[in-house]
Amino acid sequence: MTLTVTLPTVEDTHAFGRRLAGVLHAGDLLLLTGPLGAGKTALTQGIGAGLGVLGAITSPTFVIARVHRPDPARGGTVALVHADAYRLGDAADPRAEIDDLDLDASVDDSVTVVEWGEGLVEQLVDAHLRVRLDRREDDTRLVELEPVGGDWARRLEALR
């Protein structure tokens, strides 16, 4: 079962991220794919807002990964790990660089969102959510959520 959502604006992308955060919990892995400018970081910003984490969510392209701790004052209870594997694609062994990030050390205790991580991080968990984003010429975003194992299909029903 795949869920497809059309998001007309960046604000709608943030709002959908907040809704998505409502079905997330510690141990979840989301793999975001799509061209540059498709809205991967905007969606993650919404997820961070929905999870109630500390710090501004910005693209981790140059730092590769950021950990955003939960803010109890905002209702946060779980950390968000936001990683970007875009620059790792040119490495001789991108999987070794992913291993160096130690994502496996935090994956059970946080929601982990990896941009450009398809083919690199799926082995971290038994089940994950594949999220494909595309940006149309009119700036509308098309988001396709594909559950891979676990109870993702049931959880996505809450977003319909």
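Look above for the structure.
Below is a summary of the structure that appears in this document.

**Here we look at the overall build of the protein**
- A count of helical and extended segments in the protein gives five helices and seven strands.
- Shown N-terminal to C-terminal, the secondary structure of the protein runs as helices and strands in the order β-α-β-α-β-β-α-α-β-β-β-α.
- The long-range fraction of contacts in the protein, counting pairs at least 24 apart against all pairs at least 6 apart in sequence, stands at 64%.
- Put simply, the protein shows about 7500 Å² of open surface, and 49% of that area lies on carbon and sulfur atoms.

**Some thoughts on the environment of Leu-32**
- Considering the arrangement of structural elements, one finds Leu-32 in strand β2 (residues 29–33).
- Measuring from C-alpha to C-alpha, the distance between Leu-32 and Leu-145 comes to 9.4 Å, with 113 residues separating the pair along the chain.

**Quick word on helix α1 (residues 10–21)**
- A rise of 1.5 Å per residue sets the reference length of α1, with its twelve residues, at 16 Å; its end C-alpha atoms lie 17 Å apart and thus fit the reference within 8%.
- Those residues of α1 that are buried are in contact with β1 (3–7), β2, α2 (40–51), β6 (128–135) and β7 (141–148).

**Focus: the packing of aromatic side chains**
- As enumerated under the stated definition, the model contains zero aromatic pairs in all.
- We note Arg-155 situated over the ring of Trp-152; from NZ or CZ to the ring centre the distance is 3.9 Å.

The rules behind each value
Per chain, the residues get numbers from 1 upward, laid out in the order the sequence is written. Note on the predicted model: pLDDT of at least 70 is required for a residue's local features to be given, and 80 or more for side-chain atom pairs to be given and counted; whole-chain, interface and lining totals, by contrast, use all residues. Based on all heavy atoms of the structure, the side-chain values leave hydrogens and waters out of the count. Helix and strand definitions here come from DSSP, where helices need a minimum of 4 consecutive H or I residues and strands a minimum of 2 consecutive E residues; each element is numbered from the N-terminal end. Throughout, a contact is declared for two residues whenever any of their heavy atoms are within 4.5 Å. Note on areas: Shrake-Rupley with a 1.4 Å probe; residue coverage comes only from the protein chains shown. Residue count minus one, scaled by 1.5 Å, sets the expected span of a helix. By convention, a stacked pair of Phe, Tyr or Trp rings (six-membered ring in the case of Trp) has centres within 6.5 Å and planes under 30 degrees apart, an edge-to-face pair has planes over 60 apart, and any other such pair is tilted. A positively charged side chain is recorded as over a ring if its NZ (Lys) or CZ (Arg) lies within 6 Å of the ring centre. The angle to the ring normal must also be within 35 degrees.

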